[in-house]
Amino acid sequence: MATDARLRVRVTGSVQGVGFRPFVHGLAHKFALHGFVRNDACGVLLEVEGARIEEFVEALRRGPPPLARIDDIRLEPIALRRERGFSIEPSRGGKTRTRITADATVCDACLDDLFDPASRFHLYPFVNCTHCGPRYTLTRRLPYDRPQTSMASFAMCEDCERDYHDPADRRFHAQPIACPKCGPKLDRSIADIVATICSGGIVALKGVGGFHLLCDARDERAVAELRRRKGRDAKPFAVMVANVASAARIGAPSADDVALLQSIARPIVVVDKGEDDLAPSVAPGLIRIGVVLPYAPVHHLLFHAAAGSPEGASWRSEPQEFALVATSANPGGEPLITDDAEARAKLAKIADLIVGHDRAIVARADDSVMTMIAVAPAFLRRARGFVPEPIELSDDGPDTLALGAHLKTTVAVTRGREAFVSTHIGSLDDRATIAFYEETIRRMLDILDVRPEIVACDLHPDLVSTRFAEASGLPVFRIQHHAAHIAAIAAEREIEGPTLGAALDGYGYGDDAGAWGGELMLVDKGAWRRLGHLSPLPLPGGDRAAREPWRMGVAALARLGRSADVTARFPHIEMAEQTARLATSRSVAQTTSLGRMFDAAAALAGARFAQAYEGQAAMEL
Ligand SMILES: [Zn+2]
Ligand SMILES: [Zn+2]
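A brief look at the structure comes next. (Residues numbered from 1 in each chain as written. Chains lettered and ligands numbered in written order. Predicted model: local features only at pLDDT ≥ 70, side-chain atom pairs only at ≥ 80, totals over all residues. Heavy atoms only, no water.)

Turning to the side chain of Ser 427, a few remarks are in order. With respect to the helices, strands and loops of the structure, Ser 427 is situated in the loop between strand E18 (418-421) and helix H11 (431-448). Of the residues examined, Ser 427 reaches a relative accessible area of 18% and is grouped as buried. A distance of 3.0 Å separates the side chain of Ser 427 from the backbone nitrogen of Lys 408, its partner in a polar contact. Apart from residues lying up to four places away in sequence, Ser 427 is in contact with His 406, Leu 407, Lys 408 and Thr 433. (Helix = DSSP H or I, 4+ residues; strand = E, 2+ residues; numbered from the N terminus. Buried < 20%, exposed > 50% of the residue type's maximum accessible area, 1.4 Å probe, protein only. Polar contact = N/O pair within 3.5 Å; in protein donor to acceptor, adjacent residues only side chain to side chain. Contact = heavy atoms within 4.5 Å.)

Here we come to the coordination of the zinc ion (ligand 2). Only Cys 157 (SG), Cys 160 (SG), Cys 179 (SG) and Cys 182 (SG) from the protein coordinate the zinc ion (ligand 2), and they sit 2.2 to 2.3 Å from it. Each of the four donor atoms bound to the zinc ion (ligand 2) contributes to angles spanning 102 to 115°, and the resulting shape is tetrahedral. We note that the donor set of the zinc ion (ligand 2) lies within a single chain, spaced as C-x2-C-x18-C-x2-C. The residues Cys 179 and Cys 182 share a single accessibility class, namely buried. (Donors = N, O, S within 2.8 Å, 3.2 Å for Na, K, Ca; no water. Tetrahedral: all angles 85-135°; square planar, octahedral: opposite > 155°, others 65-115°.)

The alternating pattern of strand E6 (residues 203-206) places Val 203 and Leu 205 and Ala 204 and Lys 206 on opposite faces, both of which are buried. Inspection of the sheet shows E6 paired to strand E7 (residues 211-216) by four bridges, in the antiparallel sense. Each residue of the ladder has a partner; that of Val 203, found in E7, is Leu 214. Hairpin geometry of E6 and E7 is characterised by an intervening segment of four residues between the two adjacent antiparallel strands. Here E6 runs beside strand E12 (residues 353-355); their pairing, made up of three bridges, is parallel. (Pairing = 2+ DSSP bridges.)

Pairing is mixed in the open sheet, where six strands are placed in the order E15-E18-E17-E16-E19-E20. Both outer strands of the open sheet, strand E15 (391-392) and strand E20 (476-479), are each paired with one neighbouring strand and no more. Two strands pair when backbone bridges link them, and strand E19 (residues 454-458) and E20 are joined in this way by four bridges, in the parallel orientation. From the neighbouring strand, Cys 457 faces E20, where its bridge partner is Arg 478. Against the sheet, H11 makes contact with strand E16 (400-402), strand E17 (412-415) and E18, and its axis sits at roughly 15° relative to E17, the strand it touches most. On the sheet, helix H12 (residues 464-471) packs against E19 and E20 and is oriented at approximately 160° with respect to E19. (Axes fitted to C-alpha atoms, helices over the stretch in contact; angles between N-to-C directions.)

Let's shift gears to the coordination of the zinc ion (ligand 1). All of the protein donors around the zinc ion (ligand 1) are Cys 107 (SG), Cys 110 (SG), Cys 129 (SG) and Cys 132 (SG); their distances to the metal are 2.3 to 2.4 Å. One can describe the site at the zinc ion (ligand 1) as tetrahedral: its four donor atoms subtend angles covering 105 to 116° at the metal. Mapped onto the sequence, the residues coordinating the zinc ion (ligand 1) show the spacing C-x2-C-x18-C-x2-C. Within this pair, whereas Cys 110 is found in helix H3 (residues 108-114), its partner Cys 129 is found in the loop between H3 and helix H4 (158-165), the two being separated by 19 residues in sequence. The exposure classification of Cys 110 matches that of Cys 129, with both residues buried.

Okay, structure coming up:
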């Protein structure tokens, strides 16, 4: 028989709040080991003692819980202590070197509980376990323990207390554990919500990272009304459907799309539109559509009720007629609403029914949006389900706060070799978004316990983000917009060394102060060189040219020496001729942007002359 030994094991990565300690506890039990496990600011620390330590370590490496991401396991043999039993010790604070896990979709086992009449979680909209549910959006600070989350105010009932302390239970040390007896409650019934939607109404529903606006995606009157109340916005809406079989009716998802749709993060996935009869106003003029599957228990409850509350589990995989427009409740382009009182104040004119609950959303997180580009998944918006998982860098460097640019901005914080990209913040055009921007920066630095040594910002001298960098009092590193795009992709794809990249974009301030956006660049660490660019087009009207593609159509004709065709092409636009003269003048600004070239093509093809949102002309083309 092997002799006893003792090992200290340090595990780093995303290992808190994912059932790691119960998992270790289970393994220790299985291999008859003694010792302890606890969370601390570096991750998980454990000591095991006994004869079967090697088997334990092997199992630890092989099968961590589904939400865990292990970066490193370090082993250190230490002296025997001869204690009996294995305990989960209280967490210890200290300087933070750990992470919060991203939010995860409700797991299959919890869905079974949700629809099992015998379960104490039957039809409970906040069911969760150590393998699923909210994390980032309800955590105030690390280490991840219930008192540090928005579940702090809910005292566990006897049953939850028992499960929480039972190492054999799936909810052993599940910090957000809750049940109908002791946990948060929706302030309206599922039946009310479904009835409102089915009668053509609009519902504001508090979800995981904020409020959604929901309506029946097959009811043109309801969808058009939602568009009208949200304010003449033509952006496509995403549609939530019950399952993959239903998604295959409204869209034509590929096998890769399906894998993304069903992933733990549950992003909105942009797929080719299908034949199905969704309301035309869902995604006007587009051949692609954003689809998302239910990810919070409350979403599943809506589909269950809409299907007539069937028994059994088969409805969960069968195609369902019910389809929901599910769009962020962000009136006027402001940040997504997360607070119940704010929802009642700001959404009263948009929603017929506002449904909140008493579990606070601590950190806002929009739905992530992804699409397959060739064979690789790409982010259109990186938020819920991915934030705050870091990107691993190949090199260590000074802790840096990177401040983003202006449109659809995010910020990033590096801590050694980890780069943490914030949730999608929005465009820094209004006070509410700028406040959210500042709050996000504070929160990230706070949670990661980073004091940045330098700040990085866009080369543009006159952005909110640039001024924020200059006011920080730290050394400022200014980066050309497209060099930053290329470097970010290189980091995400783990491409090292000198990198050739093509940045195809709408606008970025160039090294020569010009309007760049179709650039071939060489990027190497902190340096970049512009090697080539698209043929420049005049930019008559400056910023207005980006909103009015007809101006770019005129510019393209002028550039081709065909100004004489302008009146024939744009007979209904009074200023066309005048704009053509401007486009041929020496003083007009030039742009190498691919976005503006798409605009020119859209206008010349007669597809779109003015656009309601960024990229509309290009998407419709
Ligand atoms: Zn679960
Ligand atoms: Zn309970």
